[in-house]
Amino acid sequence: MAALLVGAAGWAAIEFGRRHLDKVLDNSSGDIRRIAEVMVNTAENSMHQWLNITLVVGGGLVIIGVIVSLLVSLASTS
């Protein structure tokens with residue numbers, strides 16, 4: 001469950017931070033802006049990839065937990 005919260009909070013933080021960063025980049029120009037945009041886009045894509053992995057693993061763990069609890073419940077009633 002914690003992995004799902006981390007993944008969702010990470011996505012929200014990236015989107016929130018991106019808005020503020022866009023405002024800062026609007027004040028710059030030329031090569032500095034292009035270099036900063038490339039660096040930020042690379043970091044953002046990497047963070048999205050890791051957060052997607054975290055969400056998938058967290059969801060998988062929740063599903064495994066539900067299955068295990070159902071099996072234990074069925075075994076204890078027999």
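Here, the structure is the one placed above.
Throughout, a residue's number is its position along its own chain's written sequence, starting from 1. The predicted origin of the model limits local features to residues at a pLDDT of at least 70 and limits the giving and counting of side-chain atom pairs to 80 or more, whereas totals for whole chains, interfaces and linings rest on all residues. Only heavy atoms go into the side-chain values, all of them from the structure, while hydrogens and water stay out.

What about the packing of helix α1 (residues 2-26) against helix α2 (residues 30-77)?
Here is the rule: Inter-axis angles, ranging from 0 to 180 degrees, are taken between N-to-C directions of lines fitted to C-alpha atoms, where helices are fitted over the stretch in contact. Helix and strand definitions here come from DSSP, where helices need a minimum of 4 consecutive H or I residues and strands a minimum of 2 consecutive E residues; each element is numbered from the N-terminal end. Here is the rule for angles: anything less than 35 degrees is roughly parallel, anything more than 145 is roughly antiparallel, 65 through 115 is roughly perpendicular, and the remaining ranges are oblique. Here a crossing is called left-handed whenever its near helix is offset anticlockwise from the far helix by less than a right angle, and right-handed whenever the offset is clockwise.
Following both chains from N to C, one finds α1 and α2 inclined at 165°, their axes separated by 8 Å at the closest point. In terms of orientation, α1 lies roughly antiparallel with respect to α2. Read as a crossing pair, α1 and α2 show a hand that is left-handed.

What to know about the pattern of salt bridges
What counts here: By definition here, a salt bridge exists when the distance from a side-chain nitrogen of Lys or Arg to a carboxyl oxygen of Asp or Glu is within 4 Å. Under the scheme applied here, a residue whose accessible area is under 20% of the maximum for its type counts as buried, over 50% as exposed, and between as partly exposed, the area being computed with a 1.4 Å probe on protein chains only.
By the definition in use, this model includes five salt bridges. Salt-bridge contacts for D31 lead to R34; the nearest nitrogen and oxygen are separated by 2.3 Å. Of this pair, D31 and R34 both sit in helix α2, three residues apart, which is roughly one turn of the helix. What makes R34 exposed here is its relative accessible area of 51%. The residue E37 makes a salt bridge to R33 at a minimum N-O spacing of 3.0 Å. Remark: R33 and E37 occur in helix α2; sequence separation between them is four residues, near one turn of the helix. Here R33 falls in the partly exposed class, since its relative accessible area comes to 25%. Connected through shared salt-bridge partners, R18, D22 and E44 make up one network.

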